[in-house]
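# Breakdown of the fold
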Amino acid sequence: MFRENIIKDKLDEVLRARVKISRRQNMEDKLVQAGFNISFTEFVMISILTGIVMGIILGSLMTNPFLGVLFVIFGFLTPYQVVMFARNRRTGLLEKQVGAFMQMVIKRYENTRDMQRALEMTAKEFKGEEPIGTEIDKTVLEIELGVPTVEALENMAKRTNNQYLERFAAYYEVASEVGTDDLRRNLLTQAYNQYEENRQLKRELRKEISEPVRNAYIMLVSVPVFAAYQMAINNDYISFMTKTTTGRIGTTAIIGTLVLVVWFINSKTDAPLD
């Protein structure tokens, strides 16, 4: 543990000197949005270790130095893809829950005129509903620890990567300074109405992109199916692909293409629609 801390501290110094603060912060925001409680330096350490391990193991198993080099690169990038997959999945779940959350908070705020109280009451309703339940609890805890309510709501919007929660926080800041109940209700309801309009629009957009998504998955599945077919009809196929230079280069190119398709699906087609 002592050696690991020394390595971590030295790597942290190097990263602070060579990586822009904005890039570090952007990655740490993605880690939080994915539900991972680790720092940028720890993420880089995991990426380096994954690259080395995957390169050595897969290169040795396949007796393919080209594949080993390829998987050092892909192994280094794998943790980022895992983070983005988890982030996309988590923000997608949150997006489905945000509307009900805003609606409940608005109604309770209208009755109590106390946002902290409204959030506490809503937190009880969402107990066990993840991931929104945890995010509400964090927001309530921040307010109890002295963080201004507007800032706590902004932090929640940042953690959930939801633009309508961000607008909700901004509208609340204005609403808390407005004297009349009607204006407060109208301002807060605006964020919810915009969320609903956006949800309907995204439903239509998902229909439009369903075909390229399906094609991407077909392409991904077709490659191993074709490889299995070749192994079934040609006894020398495995030997050629793993022991000859041409076969090793071909295997590297095929696997590289598969990884790129996975990246495309993960980063483009499965990403939240903004």
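Here goes a summary of the coordinates provided. Every value quoted in this text rests on a predicted model; they were computed, and no experiment measured them. (Residues numbered from 1 in each chain as written. Predicted model: local features only at pLDDT ≥ 70, side-chain atom pairs only at ≥ 80, totals over all residues. Heavy atoms only, no water.)

Turning to a negative patch on the surface, a few remarks are in order. Together, E151, E154, E166, E173 and E177 make up a negatively charged patch on the protein surface. Counting only elements with at least two residues in the negative patch, the list comes to α7 (149-160) and α8 (163-175). Counting through the fold element by element, E177 comes out in the loop between α8 and α9 (181-233). The exposed category is assigned to E177, whose relative accessible area is 66%. (Patch = residues over 30% accessible without salt bridge, like charges linked within 9 Å, V, L, I, M, F, W, Y side chains within 5 Å. Areas by Shrake-Rupley, 256 points an atom, 1.4 Å probe, with all protein chains shown as cover. Salt bridge = Lys/Arg side-chain N within 4 Å of Asp/Glu carboxyl O. Lys, Arg positive; Asp, Glu negative; His and termini not counted. Charge placed at Lys NZ, Arg CZ, Asp CG, Glu CD. Helix = DSSP H or I, 4+ residues; strand = E, 2+ residues; numbered from the N terminus. Buried < 20%, exposed > 50% of the residue type's maximum accessible area, 1.4 Å probe, protein only.)

With that settled, the discussion passes to unusual backbone geometry. Across the junction of E130 and P131, the peptide omega takes the value 5°, indicating a cis bond. Mapped onto the elements, P131 comes out in the loop between α5 (115-125) and α6 (132-144). Backbone geometry places R113, a non-glycine residue, at a positive phi of 55°. Structurally, R113 is set in the loop between α4 (65-112) and α5.

The subject of this paragraph is the pattern of salt bridges. Taken as a whole and assessed by the stated rule, the structure comprises 9 salt bridges. Here D12 ties to R16 by a salt bridge, and the two come within 2.8 Å at their closest N and O atoms. Within this pair, D12 and its partner R16 are both found in helix α1 (residues 2-18), separated by 4 residues, close to a single helical turn. Note on R16: relative accessible area 56%, which makes it exposed. Across the salt bridge formed by R24 and D12, the nearest N and O atoms sit 3.6 Å from each other. Of this pair, R24 sits in helix α2 (residues 21-34) while D12 sits in helix α1, and the two are 12 residues apart along the sequence. For the pair formed by R24 and D12, the shared burial category is buried. The structure contains a network of salt bridges with shared partners spanning R90, E135, E142 and R159.

Right, let's get into the packing of α6 against α7. Contact geometry of α6 with α7 gives a least axis separation of 9 Å together with a crossing angle of 150°. As summarised for this structure, α6 and α7 are arranged roughly antiparallel, according to the angle between their axes. The chirality of how α6 crosses α7 is right-handed. Of the residues in α7, those touching α6 at I132, E135, I136, K138, T139, E142 and I143 are T149, A152, L153, N155, M156, R159 and T160. Residue classes in the contact of α6 with α7 are distributed as 6 nonpolar, 4 polar and 4 charged. (Axes fitted to C-alpha atoms, helices over the stretch in contact; angles between N-to-C directions. Parallel < 35°, antiparallel > 145°, perpendicular 65-115°, else oblique. Left-handed = near helix turned anticlockwise from the far one by under 90°. Contact = heavy atoms within 4.5 Å. Nonpolar A, V, L, I, M, F, W, Y, C, P; charged D, E, K, R; others polar.)

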